[in-house]
Amino acid sequence: MLKTFPKGGVHLTDNKITAGKPIDNLPVPPTVTIPVSQHAGAPAEVLVQVGDKVKVGQLLAQSAGFISGNIHSSVSGTVKKIEPATDSSGFKKPAIIIDVEGDEWLETIDRSETLITEIKASPEEIIQKIKAAGLVGLGGAAFPAHVKLSIPEGKKAECLVINGVECEPYLTCDHRLMLEKSEEILVGIALLMEALNVDKTFIGIEKNKPDAIEKLSVLAKDYPGVSVVPLKEKYPQGSEKQLLRATLGREVPAGALPIDLGAVVFNVGSIFAVYEAVQKNKPLIERVVTVTGKTLSNPSNFKVRIGTPVINLLEAAGGVTEEAGKILSGGPMMGRALTNTNVPIVKGSSGILVLPDTESKRRPVESCIRCGKCVSICCMGLEPFLLMALTERNLTERLEKEKVTNCIECGSCSYTCPSSRPLLDYIRQGKSTVNNIIRARKK
Amino acid sequence: MYSIIAYSFISMAGIGGLLAIVLYIVSQKFKVIEDPMIDEVVAILPQANCGGCGFAGCRALSEACVSRDDISQLYCPVGGNSVMAEIAELLGKTIPEKDPMVAVIRCNGHHSNRPRTNQYDGAASCKIKNTLYTGDTGCAHGCLGEGDCVKVCNFGAISINPETSLPVVDDNACAACGACVKACPRNVIELRKKSAKDRKIYVSCVNREKGTVARKSCTVACIGCGKCAKNCPHEAISIENNLAYIDSEKCKLCRKCVGECPTGAILEINFPVRKATPVTSENEVLAS
Amino acid sequence: MSLLKVSPSPHAHGEMTVKQIMYSVIFALLPALAVSIFFFGFDALRVSILAVGFCLAIEWAIQKFLLKGDVCITDGSAIITGLLLAFNVPSNLPWWIIMIGCIVSIGIAKMSFGGLGKNPFNPALIGRVFLLVSFPADMTTWPLNRFEQLAHPDAVTGATSLGILKEGLKKGESLSAIFQHIPSNIQLFLGNHGGSLGEISALAIIIGGLFLLLRKVITWHIPFTYLATVFTFTGILFLINPERFASPIFHLVSGGLMLGAFFMATDMVTTPMSAKGMIIFGLGCGVITTIIRVWGAYPEGVSFAILIMNAATPLINLGFKPKKFGEVRNG
């Protein structure tokens, strides 16, 4: 019996059409737009000026505060503009726009492909290097990595959990990384185990990636304490709390963090970036992005420089045709619909998905028949139908009592609702209202 | 036969009597002594329970009117001055007259002025749409057109014009309760002083972007050029954040600013048609 | 490329729709309908068609002329109400009584609350109970099925097995004497006995019920706990005094219990949302059904039991919430 989380969840058609496509290097675009806020927390402080010459890997903006991250140049060239640029939600956020000239890297970065397994750095140095490299969680939330590694006082890390679940349909970037960079990922794990001083690591992988499970299981034999945990396919297993429940069999208490269970969770993409940052001195300037969709002629996995416009990726994948109805940044369950294709790839972009027009339109909303399907699939044990009704009526006190703030916004409720009710749309609204009230109360 | 009737009669009467006694005791024990004036004030109020006064409902306002000594701050926007005067007379207190107000939609960006850049397909709620992104046009400030204001209006005074997808206020039905102002996530709606014959002059735009950016997304956006402010003889117009604002308290409805606006962002409503004046074309104005 | 569509996540949607759910239920009711046509002949079909027709017509008329809104009778919910109502009445019921039942079901029990999804009580059961108390004679005079007619050529009507049981116990007859007049449990299971037209064959209903379970239209919680409660409760009574109380197997296969457990107590609109709540609901239904059957004035208590538990549903929803993730601290 394969492990999984017991409560709720849905089975999705995985549509991993790019699972067999090796990671391809995308050519460097003529201009890149690098937003200064690509992470959760405070935007970074810009260090360069218009007209400055920059090299690949050079620090462009400095972390501003504990929860923040460094931003490096992903290209070499001249800083053309520092001005607000449209992000995926259409709002304008400060960004550094660079005209590309050549591809000149900082000398400190080791660009060779050779695997370095020997760990020379001390735990403090590892964390310092990760922080300097501007590393964030590459699974989507883009939470600064060094914050997760700084264990709060009074708590102790006991194990490391690696998220190789990739439960979103279509996306395959983590899957390909696990296959092509397995050794590097294991070295990355060893580095983090050293930094956190833990002796156990669990790599959670869903069983729809048997090749990755096999390859990592075989290689992990050389790494004491590292074991691969095959998991049953179930969405949203890639969510931190559900993953911990599935791999460790324990629940993160409401309002607490994984570290309260003694666990630190990292995505495989982030682990690879840890390897590169520590062993190769390479800051986070590129990432693997899955460009996929049934209407694309060449869906694939690309290694992309941060700041590359989405349109470049789409063209490399065969171009967007007339049939396209929706372009998403991320997977179909939690991804963000883009309003235009000129927005840049950022650290948190895991995929670009083109949905055909026929699949993009939501079905008409019908009245709730109280079937209870949303209740049975909610992996957090909430009652989505109730939360939506309460949000519509603006009953914030009751919403707080019903724990709207526990919602992880996985979207299973809206997905399952036979009446096609926009449950999550409303719940998200209610959650943010309640969160604002709680924040105001604390002040 | 008679015994059955007598038996039922006595038992029913007995039960009735018993219940009456219980009811009496309960009503005595839980009696709430309330100023009878409150009921009288409630009777005067329009009973819309809209919350426009700032209280939960008409009864809450009445309680405030009766209990407070100074009621000059209390006002029922639905009933207006006549109702407040009646209450003041009844209670022997004084209430200053207030100008009647009306809700005004400060956005004129229908689709010919403000072309769509994408197609919104989420839940029909401005609040949700506003949290998600800038909206289905290039303008990040104007009306979203999902009708949150229509839903909260207790008086049926707002409706969405299907041709423009913009809300329209029925001045006669509007009670100026301010529910729509609170509901609009983008602060497009404002309560403005009501003038004779429902005449209005206002800047129908809330875009705080720089002129070039605002103009790019909407042809009737206020670009903050300041021409209206310079030409206003009553100093009623101020410019802040690239946006002109006409103070309805100071505006004398002279209509001078309307002709000055290069983009047509200032609207004049319910005025008689002007005599033909030389129309300056938009390009000339922009060039000058 | 036309304008891109933008909406909040998720951007994918599951296959199941309200229509699919409704038509699955209708499909699942067909075996029982076929059995009743087999036993009661054309009359069963007549009652079913009349009930469905009236329900559709009344819902259409209300939506069109009273509410003046969109007409959505094609969603299938009115068909289910009609079918279930027909399943709960004798096959010789005159058309005007059926019509009254449909008016009560659709007009009062469903549309007056706001239509699909807003009714607190199961509409078909409201209609049925209304008819039962208004026309007790017509509603409890059951025509003989084709085999019984062959066996008793001079009789026209008979009673249900539960009716025979109750009458017999009232007269003070012993159980063994009463059961001489009742078909064997196998015959009851297959449907060869008197009763309302849809409830006679436990087998056909179980087939339909299993189909719904497989399609994940219903979950096991309510039917299982309902049947198990009735079985356990009557079983205990049977063990205490087999001369006074009928066997639990007999209780399972007689009357409307199967129909109620699989099709009426699982009506999504009027039953609790959480798994815990559903189990409580099934438990309550089982206990009330047994109490009415054993000690009540009516021979059958399924309709009342479900309606009473329908009334308790909002309370159950409040009291029995799903366990929230992370609520219990790990040691």
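Residues numbered from 1 in each chain as written. Chains lettered and ligands numbered in written order. Predicted model: local features only at pLDDT ≥ 70, side-chain atom pairs only at ≥ 80, totals over all residues. Heavy atoms only, no water.

*Asks:* Is there a simple way to think about the sheet that holds strand β3 (residues 45-46) of chain A in this case?
*Replies:* The strands making up a sheet are joined through hydrogen bonds of the backbone, oriented either antiparallel or parallel. Residue and element names in this part refer to chain A. Sheet architecture is open: three strands sit in the order β3-β5-β6, paired in antiparallel fashion. The open sheet is flanked by β3 and β6 (71-72), the only strands paired with a single partner. Summarising the sheet, strand β5 (residues 59-62) and β6 pair through two bridges and their orientation is antiparallel. Its bridge partner lying in β6, Leu 59 is registered against His 72. (Pairing = 2+ DSSP bridges. Helix = DSSP H or I, 4+ residues; strand = E, 2+ residues; numbered from the N terminus.)

*Asks:* Teacher, can you tell me more about the sheet that holds strand β13 (residues 286-292) of chain A here?
*Replies:* Residue and element names in this part refer to chain A. Taken together, six strands build an open sheet; the order of strands is β1-β14-β13-β17-β15-β16 and the sheet is mixed. Single-partner strands in this sheet number two, and they are β1 (23-25) and β16 (336-337). Strand direction decides the pairing type here: strand β15 (residues 324-329) and β16, joined by two bridges, are antiparallel. Of the residues in β16, the one forming a bridge with Leu 328 is Ala 337. Contacting β1, β13 and β14 (300-305), helix α3 (residues 173-180) crosses the sheet at an angle of about 125° to β13. (Contact = heavy atoms within 4.5 Å. Axes fitted to C-alpha atoms, helices over the stretch in contact; angles between N-to-C directions.)

*Asks:* Teacher, can you tell me more about the domain arrangement of chain C here?
*Replies:* Interface size is often expressed as the accessible area that is lost when the parts come together. All names here are of chain C. Here chain C is described as being made up of domain 1 (18-139) and domain 2 (160-317). Look at where the C-alpha atoms of domain 1 and domain 2 centre, and you get two points 21 Å apart. Contacts between domain 1 and domain 2 engage 36 residues on the former and 33 residues on the latter. At the boundary of domain 1 with domain 2, total buried surface from both sides reaches about 2700 Å², with 75% on carbon and sulfur atoms. There are zero salt bridges connecting domain 1 and domain 2. Taken together, domain 1 and domain 2 are joined by seven residue pairs in polar contact (both at pLDDT 80 or more). Among the elements of the structure, α1 (18-40), α2 (42-66), α3 (77-87) and α5 (123-134) are those that each provide at least two residues to the side of domain 1 that touches domain 2. Ranked by the residues each element gives to the side of domain 1 that touches domain 2, the list is headed by α1, at 13 residues. (Domains from an automatic or database assignment. Buried area = accessible area lost by both parts, 1.4 Å probe. Salt bridge = Lys/Arg side-chain N within 4 Å of Asp/Glu carboxyl O. Polar contact = N/O pair within 3.5 Å; in protein donor to acceptor, adjacent residues only side chain to side chain.)

*Asks:* Whenever I open this one, the interface of chain A and chain C confuses me. Can you help?
*Replies:* Counting from both sides, the interface comprises 64 residues of chain A and, opposite them, 38 residues of chain C. Taken over both partners, the interface formed by chain A and chain C buries close to 4400 Å², and the fraction arising from carbon and sulfur atoms is 56%. On the chain A side of the interface with chain C, the three residues burying the most area are Glu 251, Ile 369 and Arg 370 of chain A, jointly 16% of the side's total. Between the two partners, chain A and chain C, sit four salt bridges. Taking the shortest distance from any N to any O, the salt bridge between Lys 5 of chain C and Asp 357 of chain A comes out at 2.6 Å. Broken down by element, the side of chain A that touches chain C gets its largest block of residues, five residues, from β15 of chain A.

*Asks:* Before we go on, may I ask you to explain helix α5 (residues 210-220) of chain A in this structure?
*Replies:* Note: α-helices contain 3.6 residues per turn, so residues at a spacing of three or four share the same orientation. All names here are of chain A. If you check which residues of α5 are buried, you get Ala 212, Ile 213, Leu 216, Leu 219 and Ala 220. Axial view of α5: buried residues confined to an arc of 145°, hence all on one face. Opposite the packed face of α5, turned more than 90 degrees from it, sit the exposed residues Pro 210 and Glu 214. Among the structural elements, α3, α4 (182-196), β10 (200-206) and β11 (226-231) are those in contact with the buried residues of α5. (Buried < 20%, exposed > 50% of the residue type's maximum accessible area, 1.4 Å probe, protein only. Arc of directions from axis to C-beta.)

*Asks:* Just checking my understanding: could you explain the environment of Leu 132 of chain B for this structure?
*Replies:* Considering the arrangement of structural elements, one finds Leu 132 of chain B in helix α5 (residues 126-132). Leu 132 of chain B sits 10 residues away from Gly 122 of chain B along the chain, and the two C-alpha atoms are 9.3 Å apart.

*Asks:* For this particular structure, what's the right way to read the domain arrangement of chain B?
*Replies:* Residues and elements named next belong to chain B. According to the domain assignment, chain B contains domain 1 (36-91) and domain 2 (101-287). Of the residues lining the interface, seven residues belong to domain 1; the matching set on domain 2 comes to six residues. For the pairing of domain 1 and domain 2, the buried interface totals around 420 Å² over both sides, and the portion due to carbon and sulfur atoms is 62%. When residues of domain 1 are sorted by the area they lose upon contact with domain 2, Cys 50, Pro 77 and Val 78 head the list and together hold 66% of the total.

*Asks:* I would appreciate a short explanation of the packing of helix α12 (residues 221-240) of chain C against helix α15 (residues 275-295) of chain C in the present structure.
*Replies:* Residues and elements named next belong to chain C. At a minimum axis distance of 7 Å, the contact between α12 and α15 shows a crossing angle of 35°. As for the relative orientation of α12 and α15, their crossing is right-handed in sense. Taken together, the residues of the contact of α12 with α15 break down into 15 nonpolar, eight polar and no charged. (Left-handed = near helix turned anticlockwise from the far one by under 90°. Nonpolar A, V, L, I, M, F, W, Y, C, P; charged D, E, K, R; others polar.)

*Asks:* Explain helix α6 (residues 240-248) of chain A here, please?
*Replies:* Residue and element names in this part refer to chain A. Across the nine residues of α6, seven count as buried, placing the element largely inside the fold. Those residues of α6 lying buried are Lys 241, Gln 242, Leu 243, Leu 244, Arg 245, Ala 246 and Thr 247. For α6, the secondary structure elements touched by its buried residues are β9 (159-164), β10, β11 and β12 (263-267). Looking one or two residues past α6, Gly 249 carries a phi angle of roughly 75°, positive in sign.

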